[in-house]
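# Examination of the molecular architecture
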Amino acid sequence: MIGNDIVDLLQASLESRWPRKGYLDKLFSHAEQSQILSAIEPSATLWTLWSCKEAVYKIVHRLSGIRSYAPLSFSCKAGIVTHAGQSYYCRTIRQNDCIHTIAVQNRQLFEQVRMGFNLDTVRPLMQKNAAGIPSLNNKPLSISHHGRYAAWVSL
Amino acid sequence: MDKATLIQQLKDIVKPYAKNEVALDNINEQTDFVNDLKINSANLVDVVLDVEEKFNIIIDNDSMERMLNVKSAVEIIEAKLADNQ
């Protein structure tokens, strides 16, 4: 299974007031907060951790069919996200203001990932189930867009 | 506080984060924050924090987990307000 998440750092800086009181406490563990606050670029580190949690949430949501908003139940350390006793693996690439994370259930799947940055190439071909979860030729498809950037990943 | 007043106050709270104005104008108990209002998931926490400040309540993690739509938000706010009394 696979999930992805993309963040436009410029858009995030316009949309988010993350230094506000309580914000970090509701989304990040103490260890994650220390990592963010001691980073050279705290906001880039924050959105990298967030994109890992989001990408893994998409896997968990796809498997369970249950929506929830529980960012603290996803703990992220060095590209490994743990949730409900399971580990998931993330690869994040940053290019300028674009942070893109791909998450998989086992590392071998990284070799099989198909991806692109133009959603128009997959939109006509993708199908959505009743819960709104997309697929491409019966393979899991994850799409993400934010600000100026978009990406899709599939297997 | 009656439900209509509560929903109106929620509407004021979500307004800065909602990207779908038509859905915002038609906000009701069935409105979903993410699917209908198109609120970014990183802004849902702002809705939670704004609700805490506005109603002087604390939304614990178990409650936040369900804060995905107006119906749940109303239920959570009503329950927390009752606890405060």
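For clarity, every value in this text was computed on a predicted model and none was experimentally measured. (Residues numbered from 1 in each chain as written. Chains lettered and ligands numbered in written order. Predicted model: local features only at pLDDT ≥ 70, side-chain atom pairs only at ≥ 80, totals over all residues. Heavy atoms only, no water.)

### So, the side chain of A:Ser51
Residues and elements named next belong to chain A. Stated precisely, the cut-off is as follows: Secondary structure is summarised from DSSP: a helix means a run of H or I of at least four residues, a strand means a run of E of at least two, and numbering begins at the N terminus for each. Polar contacts here mean pairs of N or O atoms no more than 3.5 Å apart (in protein, one a potential hydrogen donor and the other a potential acceptor; neighbouring residues in sequence count only if both atoms are side-chain atoms). It only takes one pair of heavy atoms within 4.5 Å for two residues to be counted as in contact.
Counting through the fold element by element, Ser 51 comes out in helix H4 (residues 42-64). Polar side-chain contacts of Ser 51 include one of 2.9 Å to the backbone oxygen of Thr 48. Among residues more than four places away in sequence, those in contact with Ser 51 are Asp 5, Val 7, Thr 92, Ile 99 and Thr 101.

### So, the interface of chain B and chain A
Which entries qualify depends on this criterion: Using a 1.4 Å probe, buried area is obtained as the accessible area two parts lose upon being combined, added over both of them. Definition used for salt bridges: Asp or Glu carboxyl oxygen within 4 Å of a side-chain nitrogen of Lys or Arg.
At the junction of the two partners, chain B supplies 22 residues and chain A supplies 19 residues. In this assembly, chain B packs against chain A so that about 1700 Å² is buried in total across both faces, 51% of it on carbon and sulfur atoms. Seen at the junction of chain B and chain A, the total is 6 salt bridges. The shortest N-O distance in the salt bridge between B:Asp50 and A:Arg20 comes to 2.7 Å. Counting the contacts that link chain B with chain A gives 15 residue pairs in polar contact (both at pLDDT 80 or more). Within the residue set of the side of chain B that touches chain A, elements represented by two or more residues are helix H3 (41-55) and helix H4 (61-64) of chain B.

### As for the packing of helix H1 (residues 3-14) of chain B against H3(B)
All names here are of chain B. Using the following cut-off: Between N-to-C directions, angles span 0 to 180 degrees; the directions come from axes that are lines fitted to C-alpha atoms, helices contributing only their stretch in contact. Just so you know how the angles are binned, under 35 degrees is roughly parallel, over 145 roughly antiparallel, 65 to 115 roughly perpendicular, and the rest oblique. Crossing handedness is defined as follows: a turn of the near helix away from the far one that is anticlockwise and smaller than a right angle gives a left-handed crossing, while the clockwise case is right-handed. For this scheme, ten residues count as nonpolar: Ala, Val, Leu, Ile, Met, Phe, Trp, Tyr, Cys and Pro. Four count as charged, namely Asp, Glu, Lys and Arg, and the remainder, Gly too, count as polar.
Two numbers describe how H1 lies on H3: the axes approach to 10 Å, and their chain directions differ by 130°. Considering their axes alone, H1 and H3 lie oblique with respect to each other. Helix-helix and strand crossings are classified by hand; for H1 and H3 the assignment is right-handed. Facing H1, whose interface residues are Leu 6, Gln 9, Leu 10, Ile 13 and Val 14, H3 presents Val 47, Asp 50, Val 51, Lys 54 and Phe 55. Split by residue class, the contact of H1 with H3 holds 7 nonpolar, 1 polar and 2 charged.

### Structural notes on the sheet that holds strand S1 (residues 2-8) of chain A
All names here are of chain A. Here is the rule: Between any two strands, pairing holds if DSSP finds at least two bridges.
Reading across the sheet, the 5 strands line up as S1-S5-S4-S3-S2 and stay open at both edges, with antiparallel pairing between neighbours. Taken across any chain shown, the strands that pair with only one partner, and hence form the sheet edges, are S1 and strand S2 (75-77). The average angle at which neighbouring strand axes cross in this sheet is 25°, direction not considered. Sheet topology places strand S4 (residues 86-95) next to strand S5 (residues 98-104); 7 bridges connect them, and they run antiparallel. Its bridge partner lying in S5, Ile 93 is registered against His 100. Running at roughly 150° to S1, H4 makes contact with S1, S2, strand S3 (80-83), S4 and S5 of the sheet.

By themselves, these figures tell us nothing about what the structure is for.
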